Amino acid sequence: MPKIGLRIIKSAVAVFLCFVVYELRGEAGIPFYSAIAAILCMQPYVGSSKKVALNRVIATFLGGLSGMLVLLLVQNTVFSGLTLLRYFVISACIVPLIYITVLCKKPSASYITCVVFLSVTVSHGMDVNPYAFAVSRILDTLIGIGVSLGVNAFHLPHHKNRDLLFVCDLDGTLLHSDGALGSYEKVRLQSLLREGAKITLATARTPATIVPLLEGVEMRLPVIAMNGAILYDLRERKYLGLTVIPPAHAQAVWTLFDGEGVNCFAHTVVNDHLQIYYTALRNPAEEAFYQRRRTLPLKSYLCAPLPPGQEVLSFTVIDTREAVERLHAALDGLPCGDSLSIVHYPGSEYEGYYFLEISSAAASKARALAKLKEQLGCRAAVAFGDSLNDIPMLLCADHGFAVENAQPEVKAAAGHQIGPNDSDAVVKTIARLFHSRSFLSRG
């Protein structure tokens, strides 16, 4: 069962305060409208609450004032005695009301505008003093909006370790088993980032596959991508640091694969755009890999030979285990083998196939973490991981944490273990350490 979130609690508090205000006003107005406005304006973040509140204010004034004008027209003309004609006029007014919200670039306010308008003209049109209701409705709504914004903006004072750098692996660590961030994680991450927490990611993924995963989360620090080969600014869409394979060594790797009749994906960067060269798709796993990624933004696939003198960030090969192990041995035997970082692992997406990743030996998550920590001037770095590839990063960090589903060697290297990735353990641990008064003092 999901836990009761802070937004739910804040909504209940805001509704109660609306009733308190109603009592303090001598039971003037209708608290129902204040409570509804308070609930609708209560959003996960104060910024989004302000946007909803603005829409609500515009809609309430537009619907309430136009409702009073239409009542004035209906009650003082021939329409007052012709019920069907009166309803026709009221219905026709919906068109300009919605159109006005579109002109004001507030289409999301159209629904509330119409609700307020119909409430004044239909539900209370026959009241002794419908104009008093309209004014009261506007005031009640404004009270609810003000209470909601106040409750959402209120925070108890928290200690904040802004000189801590948090670095999280993605797959198997921060991401759930379905390969996505949970809704709680997104909200909590965004909240921590807005409080000033220094949080970034370290992953084998390219920026093109990272961006869709972080929708709704505004990462402010560069992310460590492609196993440390790049630092990438997600906000500016810029590559801030590249650790490439020298052109001569990259050409030697490409020539080896070409001679073995093996396809590879060579990742290069040209004008802040990722370009991937390949020859021909030779197995179902390669085909699926290509089809899933070819339409992603921030990258282009080119079926062409690697240009001479081209710097390469990394090579990716997808083949059977036997072929990958044979290629791994052949790469080790190259004269430039010592300058390469070569790893292979089973492809979780493609049963029976393995991935072979080749990058510069100078590229690693650990080195990127150390570089980022130095640039930011942080006192300590905290890393989270689950796979063997994360071990150097965990050892480089001042504090390493392995998720419960991590491999045994990773848990031993990390020194600390938290819950599984599906339990949002990483985000919860970050929140606890970020607000801890004693964590940094413990060393």
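Residues numbered from 1 in each chain as written. Predicted model: local features only at pLDDT ≥ 70, side-chain atom pairs only at ≥ 80, totals over all residues. Heavy atoms only, no water.

(A) Structural context of the sheet that holds strand β10 (residues 340-346). Judged by pairing direction, the sheet is mixed, and its 6 strands sit side by side in the order β8-β7-β6-β9-β11-β10 without closing on themselves. Of all strands in the sheet, those bounded by a partner on one side alone are β8 (299-303) and β10. Within this sheet the neighbouring strands show an average axis-to-axis angle of 20°, counted without direction. For strand β6 (residues 265-270) and strand β7 (residues 273-278), the ladder comprises 5 bridges, and the chain directions are antiparallel. (Pairing = 2+ DSSP bridges. Helix = DSSP H or I, 4+ residues; strand = E, 2+ residues; numbered from the N terminus. Axes fitted to C-alpha atoms, helices over the stretch in contact; angles between N-to-C directions.)

(B) Main features of the side chain of threonine 121. Residue placement: threonine 121 occurs in helix α5 (residues 110-123). Using a relative accessible area of 6% as the deciding quantity, one classes threonine 121 as buried. Contacts of threonine 121, omitting those with residues within four sequence positions, involve Gly67, Val70, Leu71 and Ile90. (Buried < 20%, exposed > 50% of the residue type's maximum accessible area, 1.4 Å probe, protein only. Contact = heavy atoms within 4.5 Å.)

(C) Focus on empty space enclosed by the protein. What the rule picks out here adds up to 1 cavity of 30 Å³ or more. Taken as a whole, the largest cavity encloses approximately 40 Å³ of empty space. Every residue along the wall of the largest cavity is listed here: Cys18, Val21, Tyr22, Arg25, Ala28, Gly29, Ile30, Pro31, Ser34, Asp140 and Ile143. Contributions of two or more residues to the lining of the largest cavity are made by α1 (6-24), α2 (31-41) and α6 (130-153). (1 Å grid on protein atoms, 1.4 Å probe; cavity = no way out; pocket = protein on both sides within 12 Å on 5 of 7 lines; lining within 4 Å. Points joined across faces, edges and corners; volume = space filled by probe spheres on them.)

(D) Molecular detail of the pairing of strand β2 (residues 198-202). The buried count for β2 comes to 4 of 5 residues, which makes it a mostly enclosed element. Two strands pair when backbone bridges link them, and strand β1 (residues 164-169) and β2 are joined in this way by 5 bridges, in the parallel orientation. In the strand pairing of β2, phenylalanine 166 is matched with isoleucine 199.

(E) Region of interest: the packing of aromatic side chains. The tally for this structure, following the rule as stated, stands at 12 aromatic pairs. Both rings, one in tyrosine 232 and one in tyrosine 239, keep their centres 4.7 Å apart while their planes meet at 70°; by these two values the pair is edge-to-face. Considering the side-chain rings of tyrosine 278 and tyrosine 290, the 5.4 Å spacing of their centres and the 45° angle between planes classify their relative orientation as tilted. In this pair, tyrosine 278 is assigned in strand β7 and tyrosine 290 in helix α11 (residues 284-293), connecting sequence segments 12 residues apart. Since its relative accessible area comes to 8%, tyrosine 278 is described here as buried. (Phe/Tyr/Trp six-rings, centres within 6.5 Å; stacked < 30°, edge-to-face > 60°.)

(F) Highlighting the pairing of strand β4 (residues 230-233). Of the two faces of β4, the one carrying Ile230 and Tyr232 and the one carrying Leu231 and Asp233 are both buried. Judged from the 3 bridges that link them, strand β3 (residues 223-225) and β4 form a sheet pairing that is antiparallel. Directly across from alanine 225, in β4, lies its bridge partner isoleucine 230. Here β3 folds back onto β4 in antiparallel fashion, the turn holding 4 residues, of which methionine 226 has a positive phi close to 50°. As defined by bridge partners, β4 adjoins strand β5 (residues 238-242) across 4 bridges and the pair is classed as antiparallel. Counterpart to tyrosine 232 in the pairing with β5 is tyrosine 239. The hairpin turn running from β4 into β5, its antiparallel successor, is 4 residues long, and arginine 237 in that turn takes a positive phi close to 55°.

(G) Main features of the environment of leucine 340. Its location among the elements puts leucine 340 in strand β10. Using a relative accessible area of 8% as the deciding quantity, one classes leucine 340 as buried. Sequence spacing of leucine 340 and histidine 416 is 76 residues, and the spatial spacing of their C-alpha atoms is 31 Å. Residues contacting leucine 340, with those up to four places away along its chain left out, are Ile245, Val253, Ile358, Ser359 and Ala361.

(H) Expanded view of the packing of helix α3 (residues 46-75) against helix α4 (residues 83-103). Close contact between α3 and α4 brings their axes to 11 Å; oriented N to C, the two are set at 150°. Between α3 and α4, the crossing angle belongs to the class labelled roughly antiparallel. Viewed along their axes, α3 and α4 form a crossing whose handedness is right-handed. Mapping the contact onto sequence places Leu62, Ser66, Val70, Leu73 and Val74 in α3 and Arg86, Val89, Ile90, Cys93, Leu97, Ile100 and Thr101 in α4. (Parallel < 35°, antiparallel > 145°, perpendicular 65-115°, else oblique. Left-handed = near helix turned anticlockwise from the far one by under 90°.)

(I) Quick peek at the side chain of threonine 113. Within the fold, threonine 113 resides in helix α5. Threonine 113 gets classed as buried once you look at its relative accessible area, which sits at 0%. In this structure the side chain of threonine 113 is engaged in a polar contact, spanning 2.7 Å, whose partner is the backbone oxygen of alanine 109. With sequence-adjacent residues up to four places away left out, threonine 113 is seen in contact with Ala59, Leu62, Gly63, Leu97 and Thr101. (Polar contact = N/O pair within 3.5 Å; in protein donor to acceptor, adjacent residues only side chain to side chain.)

(J) Structural detail: the nonpolar core. Phe166, Leu174, Leu201 and Phe384 are the most contacted members of the largest nonpolar core, which totals 74 residues. With 7 residues, the single largest contributor to this core is helix α16 (residues 425-434). By size, the runner-up hydrophobic cluster in this structure holds 24 residues, among which are Val253, Leu256, Cys264 and Leu356. (Core = buried A, V, L, I, M, F, W, Y, C linked by side-chain atoms within 4.5 Å.)

(K) α1, seen in detail. Compared with an ideal rise of 1.5 Å per residue, which puts 19 residues at 27 Å, α1 spans 27 Å between its outermost C-alpha atoms and is within 8% of the ideal. All of the buried residues in α1 are Lys10, Ser11, Ala14, Val15, Cys18 and Tyr22. End-on, the buried residues of α1 take up no more than an arc of 140°, which puts them together on one face. Of the residues in α1, the exposed ones pointing more than 90 degrees away from the buried face are Leu6, Ala12, Phe16 and Leu24. Downstream of α1 by a residue or two, glycine 26 has a phi angle that is positive, lying close to 75°. (Expected span 1.5 Å × (residues − 1). Arc of directions from axis to C-beta.)

(L) How the structure looks around the pattern of salt bridges. One pass over the structure, following the stated rule, counts 9 salt bridges. For arginine 379, the salt bridge goes to aspartate 163, with nearest N and O atoms at 3.9 Å. Of this pair, arginine 379 sits in the loop between α13 (365-376) and β12 (380-385) while aspartate 163 is found in the loop between α6 and β1, placing the two residues 216 residues apart along the sequence. Given the relative accessible area of 53%, arginine 379 is considered exposed. Residue classification places aspartate 163 among the partly exposed residues on the basis of a relative accessible area of 24%. Between arginine 205 and aspartate 171 there is a salt bridge, with the nearest N and O atoms lying 2.9 Å from each other. Residue arginine 205 is found in the loop between β2 and α9 (207-210), and its partner aspartate 171 is found in helix α7 (residues 170-174); the two are separated by 34 residues along the sequence. Here aspartate 171 falls in the partly exposed class, since its relative accessible area comes to 36%. Through salt bridges with shared partners, a single network forms among Asp169, Lys365 and Asp390. (Salt bridge = Lys/Arg side-chain N within 4 Å of Asp/Glu carboxyl O.)

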